[in-house]
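Structure at a glance
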Amino acid sequence: MTLKLVLGGTFDPVHVGHVNSACALMGLFSDCQVVLVPSKIPPHRDTPSASPEQRLKMLQLASEEVLGLSCDDCELRREGSSFTIDTLAGYRAEAGDQPLIFAMGLDAWVTLPTWHNWESLCDVAHLLIMERPGGSSFEEPAQLKAWAAEKLVDDVSSLETTGSGLICHVTLQQFDVSATRVRETIKQGDSTENMLHPEVAGYIARHQLYLDNESHGK
Ligand code: ATP
């Protein structure tokens, strides 16, 4: 059965770091599909932000040409707060006892103890953590380190042998790009070549996204 790997994020906007990392993750397993799941953005977020519909559209544009890659707007559709644990519980129900993996960058990993019901995540999925450039600046909270200790495995293929419960760190090819840098680059009027897929860059230009501190997406 195909292994499902979920990569959540704000994707504001999706960039080549997301898609290339998703492809590299897919390559770690024999039969794997990656689902990109955009999250709701807290309304107080003070950077120029695309609407949920626009973030989803950009994800569709970036993923439609890539075999094995798709996106799912389940968190955007859910009423009220939308949590990763609920998304993974939904996928778990579909997957039976097959492996389910939630992947995240190191920057997201170190914030895990702030996530809703974070200590239950390994009850429904494996966690796969990707290094990111500047990795040494992400400090792992002691509470997280202690929780993860007995779940850690070195060999990523262990994640294919059981449904959930393991944590593995992987170092993939590094793509030194972030959505923050994309937004800043656009705001400064500089070129985003090599940071965005051409279809996504075209969509951003047509909708005049990320140009100033006004939100265009509300
Ligand atoms: P921002 O700069 O707005 O924080 P971001 O570029 O980190 O955004 P997110 O949507 O927050 O993008 O990322 C979704 C997930 O993808 C997170 O787990 C994040 O760590 C990971 N990720 C983002 N960019 C990269 C990259 N270049 N390489 C590997 N993982 C990445």
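Throughout what follows, the structure given in this document is the object of discussion. (Residues numbered from 1 in each chain as written. Predicted model: local features only at pLDDT ≥ 70, side-chain atom pairs only at ≥ 80, totals over all residues. Heavy atoms only, no water.)

Moving on, we get to the site of the ligand. Around the ligand, 22 residues are found, and the nearest of them are Phe11, Asp107, Phe175, Ala179 and Thr180. Note that an oxygen atom of the ligand is positioned 2.5 Å from one of the side-chain N or O atoms of aspartate 107. In this structure, a nitrogen atom belonging to the ligand sits 2.7 Å away from a main-chain N or O atom of phenylalanine 175. Here the ligand loses 88% of its free accessible area of 600 Å² to cover by the protein chains. More than half of the atoms of the ligand fall within 2 Å of the grid points belonging to the largest pocket. Those elements that provide at least two residues to the shell around the ligand are β1 (3-9), α1 (16-26), β4 (100-105), α5 (106-109) and α8 (179-187). Counted by class, the shell around the ligand contains eight nonpolar, ten polar and four charged residues. (Near = heavy atom within 4 Å. Polar contact = N/O pair within 3.5 Å; in protein donor to acceptor, adjacent residues only side chain to side chain. Areas by Shrake-Rupley, 256 points an atom, 1.4 Å probe, with all protein chains shown as cover. 1 Å grid on protein atoms, 1.4 Å probe; cavity = no way out; pocket = protein on both sides within 12 Å on 5 of 7 lines; lining within 4 Å. Sits in = over half its atoms within 2 Å of the grid points. Helix = DSSP H or I, 4+ residues; strand = E, 2+ residues; numbered from the N terminus. Nonpolar A, V, L, I, M, F, W, Y, C, P; charged D, E, K, R; others polar.)

The subject of this paragraph is the sheet that holds strand β5 (residues 126-130). Sheet architecture is open: six strands sit in the order β3-β2-β1-β4-β5-β6, paired in parallel fashion. Each edge of the open sheet carries a strand with a single partner, namely β3 (69-71) and β6 (167-170). Across this sheet, the average inter-strand angle for adjacent strands is 25°, counted without regard to direction. Direction of pairing for strand β2 (residues 32-38) relative to β3: parallel, over a ladder of three bridges. Across the sheet, valine 35 pairs through a bridge with serine 70, a residue of β3. Here helix α2 (residues 52-63) sits on the sheet and contacts β2 and β3; the angle it forms with β3, its principal contact strand, is near 165°. (Pairing = 2+ DSSP bridges. Axes fitted to C-alpha atoms, helices over the stretch in contact; angles between N-to-C directions. Contact = heavy atoms within 4.5 Å.)

Moving on: the nonpolar core. A general trend in soluble globular proteins is that nonpolar side chains are found buried together. Counting residues in hydrophobic clusters, the biggest one holds 41 residues, and the most contacted among them are Leu5, Phe29, Met58 and Leu128. Of the residues forming this core, the biggest block, five residues, is contributed by α1. When near neighbours in sequence (up to four residues on either side) are disregarded, methionine 58 contacts Pro13, Val14, Ala50, Val200, Tyr203, Ile204, Leu209 and Tyr210. Counting 25 residues, the second largest nonpolar core, distinct from the first, contains Val37, Val110, Leu121 and Leu144. (Core = buried A, V, L, I, M, F, W, Y, C linked by side-chain atoms within 4.5 Å. Buried < 20%, exposed > 50% of the residue type's maximum accessible area, 1.4 Å probe, protein only.)

Further remarks concern the layout of surface pockets. If you add up the space inside the largest pocket, you get close to 1,200 Å³. Looking at the largest pocket, it is lined by 44 residues, and the ones nearest its centre are Gly8, Gly9, Thr10, Ala108 and Trp115. Broken down by secondary-structure element, the contributors of at least two residues to the lining of the largest pocket are β1, α1, β4, α5 and α8. If you tally residues by element for the lining of the largest pocket, the top one is β4, at four residues. (Points joined across faces, edges and corners; volume = space filled by probe spheres on them.)

On inspection of all chains with the given rule, the structure shows five salt bridges. Its salt-bridge partner being aspartate 107, residue arginine 132 comes within 3.0 Å of it at the nearest N-O pair. Here arginine 132, found in the loop between β5 and α7 (142-149), pairs with aspartate 107, found in helix α5; they are 25 residues apart in sequence, far enough to count as distant. Judged by its relative accessible area of 27%, arginine 132 is partly exposed. (Salt bridge = Lys/Arg side-chain N within 4 Å of Asp/Glu carboxyl O.)

Keep in mind that these numbers describe shape and distance, not what the molecule does.
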